[in-house]
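# Residue-level structural notes
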Amino acid sequence: MTSATTDPAEYLRQLGETGEAVVDIAGAALMLSALDHSGHSLMPYFDHLGEVAEQARGEAHMAVTAEAGARAIATMLTGRFGYDGDRLSYDDPQNADFMAVIDRRRGLPVSLGILYIHAARAAGFDAAGLSSPGHFLLRIGRRGSEVLLDPFNGGAAIEHESLGAPPSLQPTVDAFEAELQPVCDIDVLLRLQNNIKLRALQSGERTRALDVAKRMVLIAPSQPELWIDLARLNESSGALSAAQKAYDACLALAGAGSALHNEATLGLHALKRQLN
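The following paragraphs examine the structure supplied in this document. (Residues numbered from 1 in each chain as written. Predicted model: local features only at pLDDT ≥ 70, side-chain atom pairs only at ≥ 80, totals over all residues. Heavy atoms only, no water.)

## Examining the pairing of strand 5 (residues 145-150)
- As defined by bridge partners, strand 4 (residues 138-142) adjoins strand 5 across 5 bridges and the pair is classed as antiparallel. Paired with Gly141 across the strands is Glu146, a residue of strand 5.
- The loop that links strand 4 with its antiparallel partner strand 5 comprises 2 residues; one of these, Arg143, has a positive phi angle of about 50 degrees.
- Pairing analysis gives 3 bridges linking strand 5 to strand 6 (residues 156-158), with the strands arranged antiparallel. Looking at the pairing, Asp150 lines up with Ala156 of strand 6.
- The antiparallel pairing of strand 5 with strand 6 creates a hairpin that spans 5 residues between the two strands, and Gly154 there sits at a positive phi of about 65 degrees. (Pairing = 2+ DSSP bridges. Helix = DSSP H or I, 4+ residues; strand = E, 2+ residues; numbered from the N terminus.)

Below you can see the structure in the form of structure tokens.
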């Protein structure tokens, strides 16, 4: 269990080493955010997450179906706590900074989704983020029933048909369903961090993007695509030795002959020409 006295960097390192699929997702998001708020007390934020969990247990524990539980949780987060999607300044980096999200009660779909997952699990529901591209969605389930939620829009329940489900051609349907498969909590946290990294790159903050890429590798060290991204950012920042180590890590993880392995091999060869 995450606590306000835990060292954020050490907690995240251990999180990456365990490789667990289900974690204290809100606590981990808070620890990632804490890396940008050195010296800022985490106690009020953990207290808030505890209050959200307690209220969720009280509001949704009697719900028999996933739909009823999801409705109770959405009402609680939007009504009692005032959480909503930030439509006026969607690209504001604060919308992916979990501490700022709690302070402002506004955020991106994925940052708000983490709060919904936290609340749903506290109330005894199964909850997971989905691999939906573009707009983050989540799934809440209980006793064989399930519902898709849009955390950005007040926790509204989503029907498959409203997502633009394709005609009933089996391969196309299978591809569509694959986009709505549950993902592990680490992937949700990576999606949150990727939002920060992309916004940093768009604004020319390469040092900031590099810092976030390091955090992504910290919590998911077994994902080779993160290492090659880190290698490129190190290389573009002039940190050639660090770039070489990141390329080597990618090569150790990527399957020989894969596109990623080949890409890392070419990148490493080009880098070594610079070093020699």
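Don't stop here, the text continues.
## Looking at the side chain of Asn234
- Along the chain, Asn234 falls in helix 10 (residues 224-236).
- Ignoring sequence-local partners within four residues, the contact set of Asn234 consists of Leu210, Lys214, Ala239, Ala242 and Ala243. (Contact = heavy atoms within 4.5 Å.)

## Quick word on the packing of helix 3 (residues 43-60) against helix 4 (residues 66-80)
- Interhelical geometry of helix 3 versus helix 4 gives an angle of 135 degrees and a closest axis separation of 9 Å. Taken together, helix 3 and helix 4 sit at an angle that is classed as oblique. As helix 3 runs across helix 4, the sense of the crossing is right-handed. Contacts from Val52, Gln55, Ala56, Glu59 and Ala60 in helix 3 reach Gly69, Ala72, Ile73, Met76, Leu77 and Arg80 in helix 4.
- A per-class count over the contact of helix 3 with helix 4 returns 7 nonpolar, 2 polar and 2 charged. (Axes fitted to C-alpha atoms, helices over the stretch in contact; angles between N-to-C directions. Parallel < 35°, antiparallel > 145°, perpendicular 65-115°, else oblique. Left-handed = near helix turned anticlockwise from the far one by under 90°. Nonpolar A, V, L, I, M, F, W, Y, C, P; charged D, E, K, R; others polar.)

## Comments concerning the sheet that holds strand 4
- Within the open sheet, the 4 strands sit side by side as 3-4-5-6. Their pairing is antiparallel. Whereas interior strands pair on both sides, the edge strands pair on one side only; in this sheet they are strand 3 (126-129) and strand 6. Averaged over all neighbouring strand pairs, the angle between strand axes comes to 35 degrees, with direction disregarded.
- Of the strands in this sheet, strand 4 and strand 5 touch helix 4, which is tilted by about 30 degrees from strand 5.

## Brief notes about the environment of Phe46
- Locating Phe46 in the fold gives a position in helix 3.
- Residues Phe46 and Gly27, 19 residues apart in the sequence, show an inter-C-alpha distance of 7.6 Å.

## Structural notes on helix 8 (residues 185-202)
- Over its 18 residues, helix 8 runs 26 Å from end to end, which matches the ideal 26 Å to within 8%, given 1.5 Å per residue.
- Within helix 8, the full set of buried residues consists of Asp185, Ile186, Val188, Leu189, Leu190, Leu192, Gln193, Asn195, Ile196, Lys197, Arg199 and Ala200.
- Following helix 8 by one or two positions, Gly204 adopts a phi angle in the positive range, close to 80 degrees. (Expected span 1.5 Å × (residues − 1). Buried < 20%, exposed > 50% of the residue type's maximum accessible area, 1.4 Å probe, protein only.)

## Let's talk about the environment of Glu235
- With respect to the helices, strands and loops of the structure, Glu235 is situated in helix 10.
- When its relative accessible area of 22% is taken as the criterion, Glu235 is described as partly exposed.
- Between the C-alpha atom of Glu235 and that of His269, which follows or precedes it by 34 residues, the distance is 13 Å.
- Not counting residues up to four positions away in its chain, the partners in contact with Glu235 are Leu240, Ala243, Tyr247, Leu271 and Gln274.

## With respect to unusual backbone geometry
- You will see that Arg105, though not glycine, has its phi angle at about 60 degrees, which is positive.
- In this fold, Arg105 is placed in the loop between helix 5 (98-104) and strand 2 (106-107).
- Here Arg105 falls in the partly exposed class, since its relative accessible area comes to 24%.
- Phi angles above zero are rare outside glycine, and Arg143 is one such case at about 50 degrees.
- Here Arg143 shows up in the loop between strand 4 and strand 5.

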